[in-house]
Amino acid sequence: MRPERRRTRRADAPRAGLSAPRLLALPLLALLVAGCGIRPTEVPTDFGPAPSRVRCSLSEPDASEPSSHGLAVQVFLLCGSSLVAVDRSLRVPDGTADSQRRVLVAQGLLDQLAETPSTAEREAGYQTYVRGGMTVGGPRPKDPEDTLRLSTPPAELSAYALAQVVCTFSDSAAAEGDGSVILGGPMNAPLRRYDCTDEVRSQPSSHQPPSTEVTGG
């Protein structure tokens, strides 16, 4: 009877259940996982919404520069969620009386606010909520001398439009230069003095221009 020959396994032989091709595929798979599994994304989906693409800076340096002729002014447009001052230019005849000059400047500012922003401004994210066709007049006999009466009552303007008008007027020759402006409508509703604050400029949607009723002339 022949003695039973003891079988030995070669050291380089693959283990049961794993063929040689599968063993060779494991390092390649690891490299693929390491190289592609941690590919960075532009916006991490676990950390809030995508950042805003609004730049609020003009790509064309001369897109909003005022003309060399005329009165240099600024109007407030909406960019992102804030009001941003943009340069404009108005023509006011020389020798105009102060009271009439104030109304002419106010009407010019309204017209500028109602204009569609330039192509460069739109590409930078600027927009306006002031509608065209609105007019402004001076004070009535019993109004304070710096009163501006709008053809649309201020209370009927949208939050954005009112903030644009108040901040633009209060920072111009149309007002007294103290950061406020007295506004009224075409009817006999009480006049109100509106202020343009930092909160209004930064968040006009949630911060209405604070106002107080004006009682005396």
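Quick summary incoming for the structure in this document. (Residues numbered from 1 in each chain as written. Predicted model: local features only at pLDDT ≥ 70, side-chain atom pairs only at ≥ 80, totals over all residues. Heavy atoms only, no water.)

Some points on the overall build of the protein
Each helix and strand in the protein was counted, giving five helices and eight strands. Starting at the N terminus and ending at the C terminus, the protein contains elements arranged as α-β-β-α-α-β-β-β-α-β-β-α-β. Across the 217 residues that make up the protein, the buried fraction comes to 31%. Sequence-distant contacts in the protein: of pairs separated by 6 or more residues, those separated by 24 or more amount to 55%. Approximately 14,400 Å² of the protein is accessible, and the part contributed by carbon and sulfur atoms is 52%. (Helix = DSSP H or I, 4+ residues; strand = E, 2+ residues; numbered from the N terminus. Buried < 20%, exposed > 50% of the residue type's maximum accessible area, 1.4 Å probe, protein only. Contact = heavy atoms within 4.5 Å. Areas by Shrake-Rupley, 256 points an atom, 1.4 Å probe, with all protein chains shown as cover.)

Notes on empty space enclosed by the protein
Scanning the model with the defined rule gives one cavity of 30 Å³ or more in all. Space inside the largest cavity adds up to approximately 30 Å³. Lining the largest cavity are Asp146, Ala174, Ala175, Glu176, Ser180, Val181, Ile182 and Arg193. With three residues, the single largest contributor to the lining of the largest cavity is strand E6 (residues 180-184). Partitioning the lining of the largest cavity into residue classes produces four nonpolar, one polar and three charged. (1 Å grid on protein atoms, 1.4 Å probe; cavity = no way out; pocket = protein on both sides within 12 Å on 5 of 7 lines; lining within 4 Å. Points joined across faces, edges and corners; volume = space filled by probe spheres on them. Nonpolar A, V, L, I, M, F, W, Y, C, P; charged D, E, K, R; others polar.)

Concerning the sheet that holds strand E1 (residues 71-79)
The strand order E2-E1-E3 describes an open sheet built from three strands, whose pairing is antiparallel. With partners counted over all chains shown, the strands left at the sheet margins are strand E2 (82-90) and strand E3 (126-127), one partner each. Note that E1 and E3 share two bridges and pair antiparallel. Bridge pairing links Leu78 to Gln127 in E3. Along the sheet, helix H2 (residues 98-114) makes contact with E1 and E2, crossing E1 at roughly 40 degrees. Its contacts with the sheet put helix H4 (residues 159-170) on E1, E2 and E3, and the angle it makes with E1 is roughly 155 degrees. (Pairing = 2+ DSSP bridges. Axes fitted to C-alpha atoms, helices over the stretch in contact; angles between N-to-C directions.)

Considerations on H2
Compared with an ideal rise of 1.5 Å per residue, which puts 17 residues at 24 Å, H2 spans 24 Å between its outermost C-alpha atoms and is within 8% of the ideal. Buried within H2 are the following residues: Arg102, Val105, Ala106, Gln107, Gly108, Leu109, Leu110, Gln112 and Leu113. The secondary structure elements touched by the buried residues of H2 are E1, E2, strand E4 (136-137), strand E5 (147-150) and H4. (Expected span 1.5 Å × (residues − 1).)

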